[in-house]
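# An overview of the molecular structure
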Amino acid sequence: MDFNVKKLASDAGVFFTRAVQYTEEKLGQAEKTELDAHLENLIARADCTKNWTEKIFRQTEVLLQPNPIDQTGARIEEFFYEKLDRKIPSRITNAELLGQYMQDAAKEFGAGTPYGSTLITVGEFQRRLGGAEREFLQMSAINFLTPLRNFLEGDWKTISKERRLLENRRLDLDVCKARLKKAKLAEAKAALWSEEVDKAEHELRVAQTEFDRQAEVTRLLLEGISSTHVNHLRCLHEFVEAQAAYYTQCHKHMQDLQKELSSASGDTFPNAFAVNASTSGVSAGPSPLSAATLPGASPPSRPPNPSNALESSTLKIEEVKPPSTGTRKAKVLYDYDAADTSELSLLADELITVYTVPGMDPDWLIGERGNLKGKVPVTYLELLS
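Now for a look at the structure at hand. (Residues numbered from 1 in each chain as written. Predicted model: local features only at pLDDT ≥ 70, side-chain atom pairs only at ≥ 80, totals over all residues. Heavy atoms only, no water.)

### Some remarks on the side chain of Q21
- Along the chain, Q21 turns up in helix α1 (residues 5-26).
- Exposure remark for Q21: the relative accessible area of 5% places this residue in the buried category.
- For Q21, the contacting residues outside a window of four places in its chain are A30, E31, L171, D174 and V175. (Helix = DSSP H or I, 4+ residues; strand = E, 2+ residues; numbered from the N terminus. Buried < 20%, exposed > 50% of the residue type's maximum accessible area, 1.4 Å probe, protein only. Contact = heavy atoms within 4.5 Å.)

Here you go:
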């Protein structure tokens, strides 16, 4: 094996002098050339960008693949396919797998039975949900994760390399400054012109030139972080659009599924998706994750006026008193205009107190806001406690 002994010795000597200079700087025994303020700000901004990009990238991976075991396996599989320069196959999602299990179970239970036919229907919609999820994962990986990964594994590595080179040039410059200072002290003591001074000044000029050149290269790379932010902003918009489209598609699939099940159940299960009354006797409104709160969802249709004979004949709003227990706070999801004096008008996002009274239609509650009181539709509320 052919070794260049002189170069090896030279590199070792340079490394040693840099290490000595760095150690003395840390101990306060040597002077250090400071970078200009603009370059220092660019470096701080770049470090901040790298750290937060890395956190966002890792957490987005967790969001898209929440199971750590699945995530590890998926990454290993992706690694091998990348090394083999082959396209990564599309993976089946959990929802698609659940849908397949449901449909397989229906074959065992009997597709003609109520349970079997419902399993087939729900299984089909689970597979549709899984397909929408797979498309969302693919779009997110291409439009969001890949650009972030490219920055961390490409641009940032180049920036880091040039910054290390700049630091080495800075150490070399300070070593040359220290040598020149020592040479001039020796010259002054000897009262003679020393060749060491000429040599030290020449080395200092060369080191200063290399340092200035490397500082400019590093500065240009760091200023490119602004372009990185612009690119990541565009990718973020695309990620949000893909996420919104995914949730909208899921919302539509679930609405279609509810309609199918409602029409299939008939009189046997007239309201399979109705929310059960709570133990306090107050009918529960839509949960925080209900379709009513999804982006772009329109207010539910106005529920029919109570037709209960007992309520229409005996319930007088002004005489209704809140129970000692069973009152709850509710957040209003949509604006609501009262149809008559027995109802209470609502404004979206306000908080009101609600409760029920015996004989009252389950689609309505009594709502109170200050001194005002009236009936309010359950579907316009989100019960909080």
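### Digging into the sheet that holds strand β4 (residues 372-377)
- Pairing within the open sheet is antiparallel, and its five strands lie in the order β4-β3-β2-β1-β5. A strand with exactly one partner marks an edge of an open sheet, and here the two such strands are β4 and β5 (381-383). Across the sheet, the axes of successive neighbouring strands diverge by a mean angle of 40°, strand direction being ignored.
- Of the pairings in the sheet, the one linking strand β3 (residues 364-369) to β4 comprises six bridges and is antiparallel in character. By the bridge assignment, G367 is partnered in β4 with G374. (Pairing = 2+ DSSP bridges. Axes fitted to C-alpha atoms, helices over the stretch in contact; angles between N-to-C directions.)

### Quick notes on the packing of aromatic side chains
- For the structure shown, the criterion picks out eight aromatic pairs.
- A centroid spacing of 5.9 Å and a plane angle of 85° characterise the contact between Y334 and Y380, whose relative ring orientation is edge-to-face. Placement of Y334 in the loop between β1 (328-332) and β2 (351-355) and of Y380 in the loop between β4 and β5 is noted, with a sequence separation of 46 residues between them.
- According to the relative accessible area criterion, Y334 is buried, its value standing at 10%.
- Members of the aromatic cluster, connected to one another through ring pairs, are F136, F144, F239, Y246 and Y247.
- One cation-aromatic arrangement involves R128 over F125; the distance from NZ or CZ to the ring centre is 4.4 Å.
- Lying across the ring of W364, K375 places its NZ or CZ 5.9 Å from the centre. (Phe/Tyr/Trp six-rings, centres within 6.5 Å; stacked < 30°, edge-to-face > 60°. Lys NZ or Arg CZ within 6 Å of the ring centre and 35° of its normal.)

### With respect to the pairing of β3
- Bridge count for β2 against β3 is three bridges, and the pairing is antiparallel. Residue V354 lies in a different strand from β3, and its bridge partner there is G367.
- Between β3 and β4, which follow one another and run antiparallel, lie two residues, and G370 among them has a positive phi close to 65°.

### Describing the pattern of salt bridges
- By the definition in use, this model includes 16 salt bridges.
- With its nearest N and O atoms 2.8 Å apart, the salt bridge here joins R18 to D172. Placement of R18 in helix α1 and of D172 in helix α5 (residues 114-190) is noted, with a sequence separation of 154 residues between them. As far as the burial class goes, R18 and D172 line up, both buried.
- The closest approach of N and O atoms between R170 and D174, which form a salt bridge, is 2.7 Å. Here D174 and R170 lie together in helix α5, a separation of four residues that amounts to about one turn. Assigned by exposure class, R170 and D174 land together as buried.
- Among the charged side chains, a network of salt bridges with common partners joins R18, R169, D172 and E210. (Salt bridge = Lys/Arg side-chain N within 4 Å of Asp/Glu carboxyl O.)

### Structural notes on the environment of T60
- Looking at the element boundaries, T60 is found in helix α2 (residues 37-64).
- As for T60 and S140, which are separated by 80 residues in sequence, their C-alpha atoms are 9.1 Å apart.
- Aside from chain neighbours lying at most four places away, what touches T60 is F144, L145 and F239.
- Engagement of the side chain of T60 in a polar contact is seen with the backbone oxygen of I56, the distance being 2.6 Å. (Polar contact = N/O pair within 3.5 Å; in protein donor to acceptor, adjacent residues only side chain to side chain.)

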